[in-house]
Amino acid sequence: MNLDCNIISDDEIIYRRIPASMEWYDGTTNTLSPEAFSPHKKNDTTGISITRAAHKSIEDAAKGMGNSYYIAELRVGDLRDHGIEVVSQPIIADGVEDISHAELPGLNAANYKSDGVIEWTRLLAEKLTLRIEGPFSSQG
Amino acid sequence: MSITNMGSSTLFCEPEASQNTTGPGSLSSEKTNQEAWLEVISEKLTRWGCNTDDLEKDGITPPTSETLHLAIEVAHRLCSKKAPDRVVLDVNGGIVFELLKKNSSEVFHIWDDGEVEYQYFKEGKLVQRHRNLEYK
């Protein structure tokens, strides 16, 4: 594994996958609920998941078990400017290493109700999301 | 502290608007606060109790019947107040009622563990937070 892949530069774009079924994104008003970035208290023990655009297409990033997803695009440097760290966290998917996977470790299962996470999710949704693309139909 | 006693400056606690009056210039065709809240209950809260398969596919914990009943109870308690602009589930099976204005937001969050709380944001900053609200 090329260790340089673990370095995420400030200029990188990252994707956050948003299930269309949750109605967190309202296409009519172009508004996104902070709940799109809220940690799951069982699944997000090390941080919420994001995808590095440099290593995966937006269409592939939108694939999941559900039917349809939006993708929120953010810039890593914007998050770090507000104290939200972004770290590379490659995973093994179907026996293949996926280096596009990364996490926001500051938003995790242990602190999902904290003042800081509540503010950060709102910041991510209302200020730091550059655009929303989709919906993408997913074959899961 | 009770959910209906959050202070006169909050959006949720504004007096009921005059939409339900008749006469010249009245907005009688618009929903009253109560009608809007009842719509929240029937179109969102009740629906979420019926279809959980899609939620689980997306890695979302569906709300329990207890959480849904609690949210309906909170909605009934607030039904004389301004109805929320946004009603969504959180990822852990909680429910969020949110009022949105240009530079501020108010939230009633019914958490999956049964806690009900109020949050007030100004310019994105959490400036008020009242946890463990009484809702009965």
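Since we're looking at a predicted model, the values are computed, not measured.

Student: Help me out: how do you make sense of the overall build of chain A in this one?
Tutor: Secondary structure summary: chain A contains 3 helices and 10 strands in total. Listed N to C, the secondary structure of chain A is β-β-β-β-α-β-α-β-β-β-β-α-β in terms of helices and strands. Here the C-alpha radius of gyration of chain A, 14 Å, is about what a compact globule of 140 residues would show, namely 14 Å. Across its three principal axes, chain A shows a C-alpha extent of roughly 40 × 35 × 30 Å. Per-residue burial for chain A yields a buried fraction of 36% across its 140 residues. Within chain A, contacts between residues at least 6 apart in sequence are counted, and of these 78% link residues at least 24 apart.

Student: Sorry if this is basic, but what is going on with the sheet that holds strand E4 (residues 116–122) of chain B here?
Tutor: Strand pairing in a sheet relies on backbone hydrogen bonds. The paired strands run either parallel or antiparallel. All names here are of chain B. A sheet is described by the order of its strands in space; here 5 strands give the open sequence E1-E2-E3-E4-E5, paired in antiparallel fashion. Because the sheet does not close on itself, it has two edges, and the strands there are strand E1 (86–89) and strand E5 (125–130). This sheet shows a mean twist of 20° between the axes of neighbouring strands, independent of strand direction. Examined bridge by bridge, E1 and strand E2 (residues 95–100) share 4 bridges and lie antiparallel to one another.

Student: Looking at this structure, I do not really get the environment of His82 of chain A. What am I missing?
Tutor: Residue and element names in this part refer to chain A. Examined against the element boundaries, His82 turns out to sit in the loop between helix H2 (76–81) and strand E6 (87–88). Using a count of 12 C-beta atoms within 10 Å as the deciding quantity, one classes His82 as exposed. A sequence separation of 36 residues divides His82 from Thr46, and the C-alpha atoms of the two residues are 19 Å apart.

Student: Could you clarify how one ought to interpret the sheet that holds strand E1 (residues 13–19) of chain A in this entry?
Tutor: In space, the 6 strands of this open sheet follow the order E6-E9-E4-E1-E5-E10 (chain A), with antiparallel pairing throughout. Taken across any chain shown, the strands that pair with only one partner, and hence form the sheet edges, are E6 and strand E10 (131–137) of chain A.

Student: Where do I start with the interface of chain A and chain B in this structure?
Tutor: Accessible area lost upon the coming together of the parts serves often as the stated size of an interface. Listed per partner, the contact involves 21 residues of chain A and 18 residues of chain B. Here the side of chain A that touches chain B takes 7 residues from helix H3 (residues 115–128) of chain A, the largest share from any one element. Its residues assigned to classes, the side of chain A that touches chain B shows 6 nonpolar, 7 polar and 8 charged.

Student: Please explain helix H1 (residues 33–50) of chain B as it appears in this structure.
Tutor: Since the α-helix packs 3.6 residues into each turn, any two residues three or four apart lie on the same face. All names here are of chain B. Look at H1: 25 Å from first C-alpha to last across 18 residues, which is about the 26 Å you get at 1.5 Å a residue. Ile41 marks the point of greatest bend in H1, at about 30°. Contacts made by the buried residues of H1 are with helix H3 (65–77) and E1.

Student: Quick question: what am I supposed to make of the nonpolar core here?
Tutor: Proteins that are soluble and globular tend to have nonpolar side chains buried together. In terms of nonpolar packing, the biggest core is built from 60 residues, with Ala36 and Ala72 of chain A together with Ala71, Val74 and Phe108 of chain B touching the most fellow members. With 6 residues, the single largest contributor to this core is H3 of chain A.

The rules behind each value
- The residue numbering used here restarts from 1 in each chain and proceeds along that chain's sequence as written.
- All chains are assigned letters beginning at A, and all ligands numbers beginning at 1, according to the order in which they are written.
- Only residues with pLDDT of at least 70 are given local features in this predicted model, and only at 80 or more are side-chain atom pairs given and counted; all residues enter the totals for whole chains, interfaces and linings.
- Strands here are runs of E lasting at least two residues and helices are runs of H or I lasting at least four, both read from the DSSP assignment and numbered beginning at the N terminus.
- Within these notes, the globule rule equals 2.2 Å times the number of residues to the 0.38 power, and the radius of gyration is based on C-alpha atoms.
- Any residue surrounded by 20 or more other C-beta atoms within 10 Å of its C-beta is treated as buried, while 12 or fewer makes it exposed and the intermediate range makes it partly exposed; C-beta atoms here are placed from the backbone.
- Residue pairs qualify as contacts under a 7 Å threshold applied to their C-beta atoms, which are placed from the backbone.
- Strand pairing is assigned whenever DSSP identifies at least 2 bridges connecting the two strands.
- Only the stretch in contact is used when fitting a helix axis, every axis being a line fitted to C-alpha atoms; angles between N-to-C directions are given from 0 to 180 degrees.
- Polarity classes work like this: nonpolar for Ala, Val, Leu, Ile, Met, Phe, Trp, Tyr, Cys and Pro, charged for Asp, Glu, Lys and Arg, and polar for all others, with Gly in that last group.
- To estimate how far a helix should extend, the number of its residues minus one is multiplied by 1.5 Å.
- What the bend at a residue measures is the angle between two axes, fitted to the seven residues ending there and to the seven starting there.
- By convention in this section, buried Ala, Val, Leu, Ile, Met, Phe, Trp, Tyr and Cys residues joined through C-beta atoms within 7 Å make up a nonpolar core.

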